[in-house]
Every structure is written in C-alpha cells, then in structure tokens.
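As a plain string of letters, each chain reads:
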Amino acid sequence: MPSNKEIADIFYEIADRLEMEDERFKVRAYRRAAETIESLPKGIEVYKDNLTQLPGIGEAIAKKIKEILETGKLGYLEKLRRQMPVDIQGLRRIEGLGPKKIKVLWEKLGIRNVEDLKKAAEQGKIRNLEGFGAKTEQDILEAIKFAQGATRFSLGLVLPLAEQLASELSKYAERVDICGSVRRMKDTIGDLDILAISTEPQKLMDVFTRLPGVAKVLLRGLTKTSIILRNGLQVDLRVVGRESYGSALQYFTGSKQHNVKLRTIAKGKGMKLSEYGLFKGDERIGGGSEEEIYKALGLEFVPPELREDRGEIEAAQQGKLPKLVCLEDIKGDLHIHSDWSDGRDSIRRLAQKCIELGYEYMGVCDHVGRLRIAGALDYNGLREQWKEIDQLNKELAPFRILKGAEVNIDKKGNIDLPEDVLKQLDIVVASIHFGFKGSEEEMTKRICKAMENPYVTCIGHPTGRMIGIRPGYALAMERVFEKARATGTLLEINSHPARLDLNDVHAKGAIEHTMLVINTDAHALEHLGFIRYGVAMARRGWCTKANLLNTYTLKDLLSFLKTPKKKRLS
Ligand code: DGT
Ligand code: CA
Ligand code: CA
Ligand code: ZN
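Not measured: the values here are computed from a predicted model.

*Asks:* Hey, could you run me through the coordination of the calcium ion (ligand 3) in this one?
*Replies:* Six octahedral donors around a metal ideally sit at 90 or 180 degrees from one another, while four tetrahedral donors ideally sit at 109.5 degrees. Donor atoms from the polypeptide that coordinate the calcium ion (ligand 3) comprise Asp191 (OD), Asp191 (OD), Asp193 (OD) and Asp236 (OD), at 2.3 to 2.7 Å from the metal. Among the residues examined, aspartate 193 registers a relative accessible area of 11% and is labelled buried.

Here you go:
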C-alpha cells in the first residue's frame with residue numbers, strides 16, 4: 001500500500017510536468033491535491049469511499065487515487081514520463097532550476113538528470129542557451145556541488161534522533177545499539193545504522209516501519225529493514241542472533257577502512273573475521289562481544305571514535321592507545337554568551353546550570369568591541385558586567401565565574417579592544433567574524449598576528465566552517481599550530497553542532513604542538529549540553545585530559561592563566 005507521501009509525490013510530479021506545458025490551471029489543482037493528501041492525519045485508504053469530500057479533490061483526481069491504490073501506479077503519470085523522460089524530482093533539487101528551465105535543458109541539450117546537467121555545465125554548453133548565460137552555468141555547478149554534499153546530516157541532528165529511536169525500539173528488543181558513523185561520533189552522518197537482538201523480529205520491524213516520522217519504507221525483511229524519515233535521513237535496522245552480536249556490532253560500527261585492516265590481521269593469524277563471528281576453520285572462537293574480538297586479534301580494545309584507520313590499529317597492537325578524554329573530565333565551559341550581549345539567559349541562570357552539570361567554573365565571553373555585531377558590549381558595559389560577576393562569585397563560591405570576552409580579529413589581525421582593557425580579563429577568545437574570503441596566506445597571517453597579542457587566551461572556532469553552509473576559510477593549519485605553541489595560545493574546539501571547529505583531524509594535528517579547550521559557545525542554557533559534541537571531536541582527535549585546558553581543576557586553571565602567556569606551554 002503506497003503511503004500518503006508517495007501518492008502526494010505522484011501528484012507533485014504531475015504538477016511539475018504540466019507546468020512545463022504551461023497548463024497553469026491543472027498545475028494548481030494537482031499541487032493542491034498533493035498538499036491535501038500529504039497532510040491527512042490517517043492513511044488515505046481510510047478516506048477511500050469519500051475522497052471527493054476532501055479539500056481540493058474532485059472526481060478526476062479521486063479516480064486517479066483509486067487507480068494508485070489498486071495498481072500501485074498511475075497510467076497518466078507514466079504517459080507524461082514517456083513524453084519527456086527526465087528525472088524531474090532530481091533536477092528540481094538543484095537550486096534555481098524550475099520546470100520551465102528543465103524543459104529547455106531537455107529540448108536543447110537532451111539533459112535527463114543531474115549527471116547530464118553536470119557534464120553539460122562543465123563543458124560550457126549551458127551558457128549559450130537562451131535565458132541562461134555564463135553566470136547561471138557557474139551557479140548551476142555550485143548548486144550541484146552543494147546538493148550532492150548536503151546529503152550528509154550533522155551529528156547534532158542525528159544523535160538525539162538516534163537515541164530516541166533506539167529507546168523506542170528497545171521496548172521490543174533484548175538489546176539495541178546505535179552503530180555506524182553515529183557510534184563513531186563523526187561530525188557528519190550519511191545514514192543511521194541500528195542493531196538489535198530480538199526474539200520477535202516481525203513485531204520489531206512492524207514498530208520500526210510505523211514510527212512517527214517515517215516517510216518511506218525502502219526495504220522490509222526480518223533481518224534488515226530500511227526506512228527514510230521525513231527529513232530525508234535513511235535508517236537501517238538489522239536484527240542478529242545473540243551469539244554473533246559482538247561481531248555484528250563491530251562490523252556495523254565500521255569504519256570500513258578499520259574493518260578491512262582488522263580482517264587482514266585475522267587472516268594473518270589464520271582466522272576469519274566477519275559480521276557473523278571470528279572463526280578458526282569452521283570453529284567459532286569469538287563474536288559474542290567486541291572485546292573478545294579485539295583481544296583474540298592481539299589488540300587493545302579500540303574505542304569507536306578512533307576506528308578510522310588513522311593509526312589506531314598499530315597503536316592498539318603495541319598497547320599504546322591514548323586514554324581518551326571523557327565527558328566526566330570536563331570541569332568547566334569557557335566560552336558562554338549571556339543576555340549582556342546576544343545570549344538569551346542571565347549569568348546567574350547559566351552559572352546555576354553549570355553547577356548542576358558538576359562544573360567548577362565557567363567563562364562569560366560576551367561579544368565586546370567596536371564592531372557592533374550581536375549586541376556587543378563596550379568598556380563601560382563590561383565594567384557593569386564585572387560588578388554582577390563579583391557579586392555572583394561571592395554568592396556561589398566555590399564555583400567561579402571568570403571574566404571574559406569574545407573579541408573580533410580584524411582584517412589586519414588586530415584585536416578591536418585596547419590592551420589596557422584586555423589585560424583586566426581572565427579569558428579572551430579571539431575570533432574571525434567577517435572577511436572570510438582572503439587567501440590562505442592572508443588568513444593564516446591574520447590568525448597568527450592575533451595569537452601574538454599577549455592577552456588572547458584562545459582562538460575561537462579557528463577555521464570558521466559551518467557544516468553544510470560554508471567550508472571555512474583557507475588556512476595553513478601547521479603554521480597555525482606552530483604559532484599557537486610559540487605564543488602560548490590555545491585553540492578552541494567549538495562544540496556547536498553546526499561548527500565542530502576544530503574538527504577531529506585538526507584536533508589530532510593540533511595536539512602535536514599546542515593545547516586545546518572545548519567550549520560550547522552557548523547562547524542559551526540548553527546549549528551547554530553541546531559539550532558532548534566537542535568532547536566527541538576531541539576523542540576522535542586522540543585527545544587526553546592533558547591536552548585540554550578545561551579538564552583542569554579551578555586551582556590549576558587559575559595558575560595556568562596567571563602564568564605569562566609565552567611560558568604557558570613551555
Ligand atoms: P555514513 O553512513 O556514510 O556516515 O558512514 P558509516 O560508517 O555509517 O557507513 P555505512 O552506513 O555505509 O555502513 C555502516 C558500517 O557497515 C560501516 O561503518 C562498516 C560496515 N560496512 C558497510 N559496508 C562495508 C563493506 O563493504 N566492507 C566492510 N568491511 N564493512 C562495511
Ligand atoms: Ca551509516
Ligand atoms: Ca547504512
Ligand atoms: Zn561566541
């Protein structure tokens with residue numbers, strides 16, 4: 001039985017195709033019907049006998065709905081598709097392409113799908129079409145690149161969803177685990193993989209395919225079922241037996257590269273590793289748990305965040321895996337915005353939340369400076385804020401609120417706050433908030449110059465990337481890391497799920513030289529919880545407690561900050 005969404009999509013596609021033929025009245029009628037069907041509270045079969053009573057559905061469309069319900073397809077749409085065999089849904093996802101343009105592309109250049117479109121744009125064929133031009137051609141290429149890249153989701157979106165699904169499913173299963181890139185806490189996620197043990201797989205799969213938010217069932221079986229959620233995320237659920245659960249968990253956690261290497265090691269030892277277990281000849285010698293498998297292969301247990309084939313297997317063979325930082329090691333958050341600038345909550349409420357989280361300290365780093373972005377404070381405003389902080393510190397002791405600021409790095413690498421103000425602060429986070437387009441040389445110099453300022457404690461969101469929005473400015477990272485060490489400047493792992501900046505790879509490179517600090521950049525109470533994503537990047541970047549300033553106790557933190565900057569890392 002096709003879902004409401006699938007039927008709605010059929011009518012949306014008809015509308016798109018009719019729009020190419022300029023059938024304006026019919027186009028509106030089909031779109032309206034599609035919207036009605038899409039928003040029905042129950043499956044359309046419930047309304048089967050009274051379809052024409054639904055808004056926007058007349059005799060003709062009702063007949064078509066019945067045809068779809070009875071045969072699973074619609075002759076009328078198939079006829080339209082034969083007339084113009086283009087992948088209209090795919091092409092419409094490219095920004096700036098509507099049915100009219102798609103028609104021209106088909107008629108003049110025979111473009112059927114995004115692949116054809118890309119080829120034609122790269123060969124410069126589109127600029128000569130009437131109504132397109134060189135600029136449009138360039139825009140199309142950019143839009144294709146973005147549409148293809150944007151099919152990955154941010155960890156901050158998927159992880160809470162994954163936890164919710166897993167907890168729902170665990171009511172019907174003996175055990176449920178999140179696997180794949182989500183378990184490895186990768187910054188972006190292709191699809192979500194869930195693994196379960198269940199004695200009633202039929203029931204579990206029923207529940208899974210009927211979860212609220214399911215737009216489409218791609219594949220349904222007793223061992224594997226795949227769905228697509230309304231936001232476009234694919235979720236694969238696999239059910240395996242208890243005896244091979246560990247090997248399945250290991251296999252489906254990945255990464256693929258990590259698994260390939262493990263299997264080679266197994267082979268070298270005369271064993272065979274698969275998702276079903278670890279075997280010697282026909283005899284299963286392990287597979288019930290992941291620990292068992294790593295042990296049998298002569299490796300330390302490798303935490304999922306490290307499983308990327310970036311040296312973890314060799315380190316595990318030598319017993320030299322780092323003792324990764326964990327959430328409980330975090331003793332404070334040093335980049336928080338309050339309602340003194342663009343944050344939503346008061347310092348008092350933020351402090352109380354930090355105390356609840358078990359922190360010993362927090363750093364209030366509101367925007368300060370000439371650039372009047374985000375309700376930035378000036379020196380007078382800061383002095384007023386310090387009075388409030390002093391008062392709260394008396395009240396909340398031994399918890400400690402540090403006086404900080406987030407300042408802008410201008411185009412020349414200068415900080416837009418005078419040194420006699422900067423030196424009165426405990427923490428200074430310096431960030432680039434404008435002028436992202438400089439060359440690698442310019443941007444690197446700019447950041448390096450900012451680090452030379454004796455009062456800049458750390459560089460905020462060092463690369464400026466926004467996941468799915470912009471790639472981050474050009475930087476020679478090695479030079480930045482070396483300068484950080486030479487000047488005693490820390491680099492931030494910004495935990496905001498849209499940033500995750502530094503990312504895992506950069507964090508791993510950075511700790512060869514300098515120290516990091518994991519901040520949330522919270523603009524509201526609930527953002528303090530983003531810290532888990534920053535900790536994930538740090539773990540994926542091989543960070544231990546010692547690499548991270550905010551694992552220090554308050555006492556050690558204060559003594560670090562009292563040390564002149566140049567001596568902090570030596
Ligand atoms: P994603 O979904 O792109 O964020 O990344 P993953 O790592 O979740 O990849 P996915 O969903 O394709 O597969 C989940 C896991 O299953 C993957 O991490 C390792 C395992 N796997 C999938 N395909 C293969 C394969 O061809 N060989 C091996 N060794 N493992 C695979
Ligand atoms: Ca996946
Ligand atoms: Ca998958
Ligand atoms: Zn900030």
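*Asks:* So what exactly am I meant to see when it comes to the environment of lysine 135 here?
*Replies:* In this fold, lysine 135 is placed in helix H8 (residues 133–149). Using a relative accessible area of 59% as the deciding quantity, one classes lysine 135 as exposed. For the pair lysine 135 and arginine 568, spaced 433 residues apart in sequence, the C-alpha to C-alpha distance is 51 Å.

*Asks:* Any chance you could explain the domain arrangement of the chain here in plain terms?
*Replies:* The domain boundaries assigned to the chain delineate domain 1 (1–83), domain 2 (153–239), domain 3 (244–317) and domain 4 (327–567). Taking only C-alpha atoms into account, the centre of domain 2 sits 23 Å from that of domain 3. The interface is formed by 13 residues belonging to domain 2 together with twelve residues belonging to domain 3. Summed over both sides, the interface of domain 2 with domain 3 buries roughly 1,100 Å², with 61% coming from carbon and sulfur. The largest contributions to the domain 2 side of the interface with domain 3 come from Arg183, Arg184 and Leu195, which together make up 59% of the buried area. At the boundary of domain 2 and domain 3, one finds two salt bridges. Linking glutamate 308 and arginine 184 is a salt bridge whose minimum nitrogen-to-oxygen distance equals 2.8 Å. At the level of secondary structure, the elements contributing two or more residues to the side of domain 2 that touches domain 3 comprise strand S2 (175–178), helix H10 (180–183) and strand S4 (192–197). Of the residues that constitute the side of domain 2 that touches domain 3, the class distribution is six nonpolar, one polar and six charged.

*Asks:* I tried to follow the sheet that holds strand S13 (residues 400–408) on my own but got confused; where do I start?
*Replies:* Pairing within the open sheet is parallel, and its seven strands lie in the order S11-S12-S13-S14-S15-S16-S17. Of all the strands in the sheet, the pair left with one neighbour each is strand S11 (332–336) and strand S17 (516–519). Sheet analysis places strand S15 (residues 458–459) next to strand S16 (residues 490–494), joined by two bridges and oriented parallel. Pairing of cysteine 458 across the sheet is with leucine 490, part of S16. Set on the sheet, helix H17 (residues 379–396) makes contact with strand S12 (361–364) and S13; between it and S13 the angle comes to about 155 degrees. Here helix H22 (residues 531–540) sits on the sheet and contacts S16 and S17; the angle it forms with S17, its principal contact strand, is near 150 degrees.

*Asks:* Honestly, the sheet that holds strand S9 (residues 277–280) in this entry has me stumped. Any pointers?
*Replies:* The strands that make up a sheet pair up through hydrogen bonds in the backbone, lying either parallel or antiparallel. Spatially, three strands are ordered S8-S9-S10 in an open sheet, and the strand pairing comes out antiparallel. Every interior strand has two partners, whereas the edge strands, strand S8 (272–274) and strand S10 (283–286), have only one. Pairs of neighbouring strands in the sheet enclose a mean axial angle of 35 degrees, with direction left out of account. Relative to S10, S9 runs antiparallel, the two being bridged by three bridges.

Calculation notes
Residues numbered from 1 in each chain as written. Chains lettered and ligands numbered in written order. Predicted model: local features only at pLDDT ≥ 70, side-chain atom pairs only at ≥ 80, totals over all residues. Heavy atoms only, no water. Donors = N, O, S within 2.8 Å, 3.2 Å for Na, K, Ca; no water. Buried < 20%, exposed > 50% of the residue type's maximum accessible area, 1.4 Å probe, protein only. Helix = DSSP H or I, 4+ residues; strand = E, 2+ residues; numbered from the N terminus. Domains from an automatic or database assignment. Contact = heavy atoms within 4.5 Å. Buried area = accessible area lost by both parts, 1.4 Å probe. Salt bridge = Lys/Arg side-chain N within 4 Å of Asp/Glu carboxyl O. Nonpolar A, V, L, I, M, F, W, Y, C, P; charged D, E, K, R; others polar. Pairing = 2+ DSSP bridges. Axes fitted to C-alpha atoms, helices over the stretch in contact; angles between N-to-C directions.

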